[in-house]
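Geometric and topological summary
Spelled out from the first residue to the last, the chains are:
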Amino acid sequence: MSLASGVTTEEPAAAPPNAPPIAPGRARPRRPPVLPRILRAVLTGVTKSAAIVALLLGWELAPRFGLVDRTFLPPFSEVAEAWWGLVANGQLADNAQASLVRSFTGFGTAVAVSVPLGLLIGWYRPVADLLNPLLQVFLNTAALALLPVFVLLLGIGETSKISIVVYACAWPILFNTISAVRTVDPTLLRLAKSMDLSAPRLFQKVILPASVPTIFTGIRLAGAVSIVVLVAAEMVGAKAGLGYLINASQYNFAIPQMYAGIVTISVIGVAFNQLLVAVEKRLSSWRVPATS
């Protein structure tokens, strides 16, 4: 303790001999409180599900109050009961499995073909100039309009159904991939060329990573298209699948079962889209999120 200038000051206590050194001016990071994070997660979940809950509530109440004919739109509780009955007797699992195998086979084939072809067309301008007129013709030809052609050429078996899914999914993936390659930030290209990167390295390190978000936009669109087109194809000459289940329920006037099949398709579509979103985030984890 010193008494200079009449001011009493205390010297800091000496640190124990075995204590680790403390970095000057650096405070230990504090973890955010757990309760606010939980409340924020709950609020986010409630906000995201509010519209779905409102839809289901309106679906339940409208037929019961006579706003719509419950013969053609039964309450959601009856649809849920019919859905559980289809689960219990195994019909839903069998038909869903048949649809998923066809859809994923066609979708996977379209991804495997369209992504490399789109990268090639987008990277080499002469190839794009040669193929673009033909691609525009096929792009503007609806897949369902060609369903009779696929049935005539390939029959009513599995081959025609998978082929129509491949055709419908190929174009969103292909054109988004071409657009992704052509719209890479020119600044990135100039920086990469200033480092004397070879063309293959430039493609691998710059073009391909920067194209991932736009490519996955096309893949997600194709994922939704694969289910819609397949359901339509299964209504023609199929003996299994969710489209067949919906069509057969309509003919037999089993309306709750028909809506149960429609709800199942919607749930599968949402789950598939969320899976693709998770894969996209994984592949684009290098990107810096935008700050507000």
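Above: the structure in question.
Notes on the structure follow.

Parameters at a glance
Residues numbered from 1 in each chain as written. Predicted model: local features only at pLDDT ≥ 70, side-chain atom pairs only at ≥ 80, totals over all residues. Heavy atoms only, no water. Helix = DSSP H or I, 4+ residues; strand = E, 2+ residues; numbered from the N terminus. Buried < 20%, exposed > 50% of the residue type's maximum accessible area, 1.4 Å probe, protein only. Contact = heavy atoms within 4.5 Å. Areas by Shrake-Rupley, 256 points an atom, 1.4 Å probe, with all protein chains shown as cover. Core = buried A, V, L, I, M, F, W, Y, C linked by side-chain atoms within 4.5 Å. Phe/Tyr/Trp six-rings, centres within 6.5 Å; stacked < 30°, edge-to-face > 60°. Salt bridge = Lys/Arg side-chain N within 4 Å of Asp/Glu carboxyl O. Patch = residues over 30% accessible without salt bridge, like charges linked within 9 Å, V, L, I, M, F, W, Y side chains within 5 Å. 1 Å grid on protein atoms, 1.4 Å probe; cavity = no way out; pocket = protein on both sides within 12 Å on 5 of 7 lines; lining within 4 Å. Points joined across faces, edges and corners; volume = space filled by probe spheres on them.

**Remarks on the overall build of the chain**
Across its full length, the chain holds ten helices and zero strands. Expressed as a percentage of the 292 residues in the chain, the buried residues total 31%. A fraction of 71% describes how many contacts in the chain between residues 6 or more apart in sequence connect residues 24 or more apart. Split by element, the accessible area of the chain, about 19,000 Å² in all, is 67% carbon and sulfur.

**Looking at the nonpolar core**
The biggest cluster of nonpolar side chains holds 37 residues, and the ones touching the most others in it are F107, I164 and I219. Contributions of two or more residues to this core are made by α3 (91-123), α4 (125-139), α5 (147-154), α6 (158-182), α8 (199-234) and α10 (255-283). Ranked by residue count, the leading element in this core is α6, at twelve residues. The contact partners of I219, leaving out residues within four places of it in the chain, are F107, I173 and L276.

**Observations regarding the packing of aromatic side chains**
For any two aromatic rings, the description comes down to two numbers: the centre-to-centre distance and the angle of the planes. Summed over the entire model, instances satisfying the criterion amount to nine aromatic pairs. With a centroid separation of 5.1 Å and an interplanar angle of 50 degrees, the aromatic rings of F104 and F272 are classed as tilted. Taken together, the residues span a long stretch of sequence, with F104 in helix α3 and F272 in helix α10 at a distance of 168 residues. Judged by its relative accessible area of 41%, F104 falls in the partly exposed class. For F272, a relative accessible area of 9% gives the class buried.

**A closer look at the pattern of salt bridges**
The final tally for this structure, using the stated rule, is five salt bridges. Of the charged contacts in the structure, one is a salt bridge between R102 and E158, with a shortest N-O distance of 2.7 Å. Residue R102 is found in helix α3, and its partner E158 is found in helix α6; the two are separated by 56 residues along the sequence. Taking the relative accessible area as the measure of exposure, E158 reaches 40% and is therefore partly exposed. The closest approach of N and O atoms between E280 and R220, which form a salt bridge, is 3.8 Å. Here E280 is found in helix α10, whereas its partner R220 is found in helix α8, with 60 residues between them in sequence. The class of E280 is buried, set by a relative accessible area of 14%. With relative accessibility at 31%, the residue R220 sits in the partly exposed group. Linked by salt bridges that have partners in common, R102, E158 and E234 make up one network.

**Description of unusual backbone geometry**
Unlike most non-glycine residues, F253 shows phi in positive territory, near 55 degrees. Looking at the element boundaries, F253 is found in the loop between α9 (242-251) and α10.

**Quick look at a nonpolar patch on the surface**
Taken together, the side chains of L57, L61, F65, L67 and V68 present a nonpolar region at the surface, about 520 Å² in accessible area. Structurally, V68 can be placed in the loop between α1 (34-64) and α2 (76-88).

**A closer look at empty space enclosed by the protein**
A full pass over the atoms with the stated rule returns two cavities of 30 Å³ or more. For the largest cavity, the calculated volume is near 70 Å³. If you go around the largest cavity, the residues you meet are S99, L100, S103, I227, L230, V231, E234, L242, I265 and I268. Counting residues per element, the ones that place at least two in the lining of the largest cavity are α3, α8 and α10. In terms of residue count, the dominant contributor to the lining of the largest cavity is α8 (four residues).

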